[in-house]
Amino acid sequence: MLLCVGGGIAAYKACETARLLVKAGAQVRAALTPAAQKFVSPLTFQALTGEHVATDLFSAEQELAAGHIALSDWAELALVAPATANLLARLRLGQADDVAAATLLAIEPRKWLLAPAMNEKMWASAAVQENLRILRERGARVVGPAVGEMAERTHVGPGRLAEPEVIAAAVEVLLGPHDFEGVPVLVTAGPTREAFDPVRFLSNPSSGRMGFALAEAARDRGAQVTLISGPTELPPVSGVKQVGVVSAEELAKAVDEHLDGVRVVVMAAAVADQRPADRAPQKIKKKEGEEVVRLVRTPDILAGLGARPQHPLLVGFAAETENLEENAREKLAKKNLDLIVANDAGAFGQEQSRVVILGKDGARAELSGSKLALAHAVWNMVRERLPR
Ligand code: CTP
């Protein structure tokens, strides 16, 4: 793999990252931007990796020994750590003015793993956020940044380079065995909206983050992913077939239409259990005094799947405010699921979460971490139960 080091104070952590990756068995070749070389020495990376280090696009000697295009052809993965604001901007624009950027541009973005690091105000800037969003849309993967103390010590916030162990773990997932290679899976995400009239609806605050993380993790493990999502503000997950729905009934229909050949269904969507019995064709005008709305049940999609004589492996979610495990265990049995992920309904919309995963075989795992890390834990448990 290629390790591109950008010019930021976090470049010193790229040395430790290189050491961990080599220790884990990766063949690592480093490319340093001119700015990176003001923070760390090429010699450090040469000693850690045992490989030539690319530092100069215009060095006749380096280009002859291992040209930057040969380097890009060779790399199975390109880690950019630290991915500075400057480097992200250049990658977005396709500006190949040093050996690291030029080599990266000749590699498909889906093979890039960006580890951003910068001051928290730079990180929050519209320019950086937009550049990163576009790079993600082109297929780039991102690890971090972590939240914590900045180099200036007086600043705290998101922008710290992810810890070397975290970066190495992300690399391992991308380069590691694709244990879901070619397996068709279906993931649902986000809330549903049940309309009263053209401008009002019944819904919940689900952000869709957990379902999107599940889709991303499955894709990274080689699965063929269909993601059916209610309304969310999240950017699309590249390399995933995405279907947008609004109501529970639309979701039920979309699940049915995309079920062919699917081996695993993960229902992370927060489906409304009721909808208004009548949907007014025009905006309902207010009346004096109390009003009563009649609600009717929506189809229980998961229970419907569980009741079929032949069905894919089923994973449900249970968002609870009390008696978490008891309620989840009841749903596991009632809906005939293989696994259920129980979480506190208070975690809606948050990046980190705490869950208890229960299996119909009696398995129980209590986990906390980022939604992406939890998503991988769910797929680990699915893989153990998936018939070969
Ligand atoms: N679910 C579903 N169809 C519905 C409602 C829920 O497929 N109409 C799925 C959810 O996606 C989730 C699981 O069922 O995976 C549990 O949903 P939840 O709403 O927590 O449980 P309910 O069975 O609806 O029970 P309750 O609302 O009483 O807690």
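Parameters at a glance
Residues numbered from 1 in each chain as written. Predicted model: local features only at pLDDT ≥ 70, side-chain atom pairs only at ≥ 80, totals over all residues. Heavy atoms only, no water. Pairing = 2+ DSSP bridges. Helix = DSSP H or I, 4+ residues; strand = E, 2+ residues; numbered from the N terminus. Axes fitted to C-alpha atoms, helices over the stretch in contact; angles between N-to-C directions. Buried < 20%, exposed > 50% of the residue type's maximum accessible area, 1.4 Å probe, protein only. Salt bridge = Lys/Arg side-chain N within 4 Å of Asp/Glu carboxyl O. Domains from an automatic or database assignment. Contact = heavy atoms within 4.5 Å. Buried area = accessible area lost by both parts, 1.4 Å probe. Near = heavy atom within 4 Å. Polar contact = N/O pair within 3.5 Å; in protein donor to acceptor, adjacent residues only side chain to side chain. Areas by Shrake-Rupley, 256 points an atom, 1.4 Å probe, with all protein chains shown as cover. Arc of directions from axis to C-beta. Core = buried A, V, L, I, M, F, W, Y, C linked by side-chain atoms within 4.5 Å. Parallel < 35°, antiparallel > 145°, perpendicular 65-115°, else oblique. Left-handed = near helix turned anticlockwise from the far one by under 90°. Nonpolar A, V, L, I, M, F, W, Y, C, P; charged D, E, K, R; others polar.

> Help me out: how do you make sense of the sheet that holds strand E16 (residues 313–320) in this one?
Strand pairing in a sheet relies on backbone hydrogen bonds. The paired strands run either parallel or antiparallel. Strand order in the open sheet made by the 8 strands is E12-E11-E8-E13-E16-E17-E18-E19, with mixed pairing throughout. With partners counted over all chains shown, the strands left at the sheet margins are strand E12 (241–244) and strand E19 (364–370), one partner each. Each strand axis lies, on average, 20° off the axis of its neighbour in the sheet, ignoring direction.

> Even after reading the chapter, I still don't get the pairing of strand E13 (residues 264–267), so can you show me in this structure?
Consecutive side chains along a regular strand alternate between the two faces of the sheet. The alternating pattern of E13 places Val264 and Val266 and Val265 and Met267 on opposite faces, both of which are buried. As paired elements, strand E8 (residues 184–189) and E13 share 4 bridges and run parallel to each other. Counterpart to Leu186 in the pairing with E13 is Val265. Here 3 bridges tie E13 to E16, and the two strands are oriented parallel to one another. Note on E16: the bridge partner recorded for Val266 is Val315.

> Teacher, can you tell me more about the pattern of salt bridges here?
Side chains that differ in charge, positive against negative, can pair when their charged atoms come close. Inspection of every chain in the model, using the stated rule, returns 28 salt bridges. Of the charged contacts, one joins Arg141 and Asp220 as a salt bridge, the two residues approaching to 2.1 Å between their closest N and O atoms. Taken together, the positions of Arg141 in strand E5 (residues 141–142) and Asp220 in helix H10 (residues 209–220) put the pair 79 residues apart, joining distant regions of the chain. Taking the relative accessible area as the measure of exposure, Arg141 reaches 13% and is therefore buried. Residue class for Asp220 comes out buried when judged on its relative accessible area of 7%. A salt bridge links Lys360 to Asp338; its shortest N-O distance comes to 3.3 Å. Of the two residues, Lys360 sits in the loop between strand E18 (352–359) and E19 while Asp338 sits in the loop between helix H13 (324–334) and strand E17 (339–344), which places them 22 residues apart along the sequence. The network of salt bridges with shared partners includes Glu325, Arg329, Arg354, Arg364 and Glu366.

> Could you clarify how one ought to interpret the domain arrangement of the protein chain in this entry?
Where interface size is given, it is often the accessible area lost as the parts come together that is meant. When the domains of the protein chain are assigned, the result is domain 1 (2–175) and domain 2 (184–385). With centres defined by C-alpha atoms, the gap from domain 1 to domain 2 works out at 36 Å. With 6 residues of domain 1 in contact, the opposing surface of domain 2 contributes 4 residues. Around 540 Å² of area is buried between domain 1 and domain 2 when both sides are counted, 54% of it from carbon and sulfur atoms. It is Glu137, Arg141 and Val173 in domain 1 that bury the most area against domain 2; as a group they hold 65% of the surface buried on that side. Linking domain 1 with domain 2 are 1 salt bridge, by the criterion used here.

> Please explain the site of the ligand as it appears in this structure.
Around the ligand there are 14 residues in total, and Met267, Ala269, Asp273, Phe317 and Lys335 lie nearest to it. Met267 is positioned such that a nitrogen or oxygen atom in its backbone is 2.7 Å from an oxygen atom of the ligand. Within the contact set of the ligand, an oxygen atom lies 2.8 Å away from a backbone nitrogen or oxygen of Phe317. For the ligand, whose accessible area on its own is 580 Å², the fraction buried by protein is 78%.

> Explain the side chain of Asn343 to me, please; I cannot follow it from the model alone.
Within the fold, Asn343 resides in strand E17. With residues up to four places along the chain from it excluded, the contact list for Asn343 reads Ala318, Ala319, Glu320, Leu324, Ser353, Arg354 and Val355.

> Is there a simple way to think about helix H11 (residues 248–257) in this case?
Note that an α-helix has 3.6 residues per turn; residues three or four places apart therefore point the same way. Residues of H11 that are buried include every one of Ala248, Leu251, Ala254 and Val255, and no others. The buried residues of H11 occupy an angular sector of 120° when projected down its axis, which confines them to one face. Exposed side of H11, more than 90 degrees from the buried face: Lys253 and Glu257 are the residues found there. Buried-residue contacts for H11 involve E8, strand E9 (194–197), strand E11 (224–229), E12 and helix H12 (301–306).

> Got a minute to help me understand the nonpolar core in this structure?
Side chains of nonpolar character tend, in soluble globular proteins, to be buried together. Judged by nonpolar contacts, the single largest core of 36 residues is most densely connected at Leu214, Val264, Val315, Trp379 and Val382. Among the secondary structure elements, those contributing two or more residues to this core are E8, H10, E11, E13, E16, E17, E18 and helix H14 (371–385). No other element matches the 7 residues that H10 contributes to this core. Core analysis: the second largest hydrophobic core is formed by 30 residues, Leu3, Leu20, Phe45 and Val171 among them.

> When you look at the environment of Leu132 in this model, what are you seeing that I'm missing?
Here Leu132 lies in helix H8 (residues 126–137). Sequence separation between Leu132 and Arg385 is 253 residues, and the spatial gap between their C-alpha atoms is 36 Å. Those residues within four positions of Leu132 in sequence are excluded, and the remaining contacts are Leu88, Leu114, Pro116, Trp123 and Val142.

> Whenever I open this one, the packing of helix H1 (residues 11–23) against helix H9 (residues 164–175) confuses me. Can you help?
What describes two packed helices is the angle between their axes and the distance between those same axes. Packing of H1 against H9 leaves a shortest axis separation of 9 Å and a crossing angle of 45°. Taken as axis vectors, H1 and H9 run oblique relative to one another. Both H1 and H9 take part in a crossing whose hand is right-handed. Of the residues in H9, those in contact with Lys13, Glu16, Thr17, Leu20 and Leu21 of H1 are Pro164, Glu165, Ile167, Ala168 and Val171. A per-class count over the contact of H1 with H9 returns 6 nonpolar, 1 polar and 3 charged.

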